[in-house]
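Residues per chain are reported as follows:
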Amino acid sequence: MASPKAGGLSAPVLLLIGASAAALFLFFLYNPSSSCTCSGPQSQSRIVAAERTKAPDPVSTSPDDIAWLKLQLQANNLQDPPTTPEAWHELRKGINPRTREQQLQDFRQYKGISHYEDETEARNRTALPCPGELLVEEHHSNYGEPWAGGRDVFEFLGQSTHLSRNSRVLEIGCGTLRVGLHFIRYLEPGHFHCLERDQLSLMAALRYELPSQGLLHKRPKIVKGDDMDFSKFGDTVFDLIYASAVFLHMPDKLVWVGLERLAKRLKPFDGRILVSHNIKFCSRLGGEECTRRLSNLGLEYLGKHTHDSLLFNHYEIWFEFRRNKP
């Protein structure tokens, strides 16, 4: 008697194929290590874990970085920039160069090439209206050196203190975030803190720099305050506290008040306080008296450092302190 057939295949063969398919289905269904690329909860968790464990971006510019850039300049015949105003002007063919003052006047008069005439519509379509004075970056000229120097300070401080993304950092007098932007970009959200007294600087930092740099999601804790009042930062303990060209503008008495408050907020032994330019608040007392006062606060002076600029002829002096008591 002939065996039953179905489409040319015997019944046992069909049963075997069906059983194999069912087994494969169950394997992929219950085996989490299968090669399925579905974006379920487990695969999302693995992606997040991989993001957390990947190597962080370097803090400072490496010799390889510099060598690479020099090769790019050479390849594009850009090794020797102009040395005279006339030569620079010659390069501006087809460009309409404007000073910041001229840019601001154009912005006030013409509001940009394309804009909404109706003020109500303009307000509805502009989420964070920014004053023209900030849009033309006048505040980048508020410093005694180029804006690019902020990156130099970040690299020096980051290397000196073995900065990590989890570090908690406080800048005393962050201004318009010339240095702070680099810390905010590097650190985990909410880990950069700043105490600033100047209203214009705060306005530039919050209304222009953070939005234009795409850093609002980093949620830095920037506080308007004076007289070294750090109470709005709660009980945060910092890995790094720094003041760039700030203490030299303060009365010595206020600086010591600030150091007393800061000592309690600095991580013992590993945390650092770095102060730029000079420490006349200390040297005016004399070495022994300064050491005694620092010791009473649980602080210790570690030494003086200098760092150079990557882009222009400049060096800066920094003085390092640590908390030497638990």
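See the structure printed just above.
An account of the accompanying structure is given in this report. (Residues numbered from 1 in each chain as written. Predicted model: local features only at pLDDT ≥ 70, side-chain atom pairs only at ≥ 80, totals over all residues. Heavy atoms only, no water.)

1. Brief notes about the overall build of the protein chain
In terms of regular secondary structure, the protein chain is built from 13 helices and 9 strands. Within the span of the protein chain, comprising 326 residues, buried residues form 33% of the whole. Residue pairs at least 24 apart in sequence account for 73% of intrachain contacts in the protein chain once pairs closer than 6 positions are excluded. On the protein chain, roughly 21100 Å² of surface is accessible, and the fraction owed to carbon and sulfur atoms is 55%. (Helix = DSSP H or I, 4+ residues; strand = E, 2+ residues; numbered from the N terminus. Buried < 20%, exposed > 50% of the residue type's maximum accessible area, 1.4 Å probe, protein only. Contact = heavy atoms within 4.5 Å. Areas by Shrake-Rupley, 256 points an atom, 1.4 Å probe, with all protein chains shown as cover.)

2. Examining a nonpolar patch on the surface
A grouping of W68, L69, L73 and L78 is seen on the molecular surface, where their side chains present a nonpolar patch of about 410 Å² in accessible area. Following the sequence through the fold, L69 ends up in helix α3 (residues 63–75). (Patch = residues over 30% accessible without salt bridge, like charges linked within 9 Å, V, L, I, M, F, W, Y side chains within 5 Å. Salt bridge = Lys/Arg side-chain N within 4 Å of Asp/Glu carboxyl O.)

3. A short note on the packing of aromatic side chains
Across all of its chains, the model carries 10 aromatic pairs by this definition. Here the aromatic rings of F233 and F238 are separated by 6.4 Å at their centres, their planes lie at 90°, and the arrangement is edge-to-face. Just as F233 is buried, F238 falls in that class too. The ring centre of Y186 lies 4.5 Å from the NZ or CZ of R165, which sits over that ring. (Phe/Tyr/Trp six-rings, centres within 6.5 Å; stacked < 30°, edge-to-face > 60°. Lys NZ or Arg CZ within 6 Å of the ring centre and 35° of its normal.)

4. A closer look at the environment of K253
Within the secondary structure, K253 is located in helix α11 (residues 252–263). It is 8.0 Å that separates the C-alpha atoms of K253 and F281, two residues lying 28 residues apart in sequence.

5. Some words on the pairing of strand β5 (residues 221–224)
Summarising the sheet, strand β4 (residues 192–196) and β5 pair through 4 bridges and their orientation is parallel. By the bridge assignment, E196 is partnered in β5 with K224. Of the crossover connections in this fold, the one passing from β4 over helix α10 (residues 199–212) to the parallel β5 is right-handed. (Pairing = 2+ DSSP bridges. Right-handed = clockwise from strand over helix to strand, strands pointing away.)

6. Looking at the state of the cysteines
Scanning the entire structure with this criterion turns up 2 disulfides. Across the disulfide from C174 sits C194; the S-S distance is 1.9 Å. Across the disulfide from C174 to C194, rotation about the S-S bond amounts to roughly -80°, and the bridge is consequently left-handed. In this pair, C174 is assigned in the loop between β3 (169–172) and α9 (180–186) and C194 in strand β4, connecting sequence segments 20 residues apart. Accessibility expressed as a relative area gives 3% for C174, which makes it buried. A relative accessible area of 0% places C194 in the buried class. What pairs with C282 in a disulfide is C290, and their sulfur atoms sit 1.3 Å apart. For the disulfide bridge between C282 and C290, the dihedral angle about the S-S bond is near -40°, and by the sign convention the bridge is left-handed. A residue is classified by how much of its surface remains accessible, and C290, at 4% relative accessible area, is buried. (Disulfide = S-S within 2.5 Å.)

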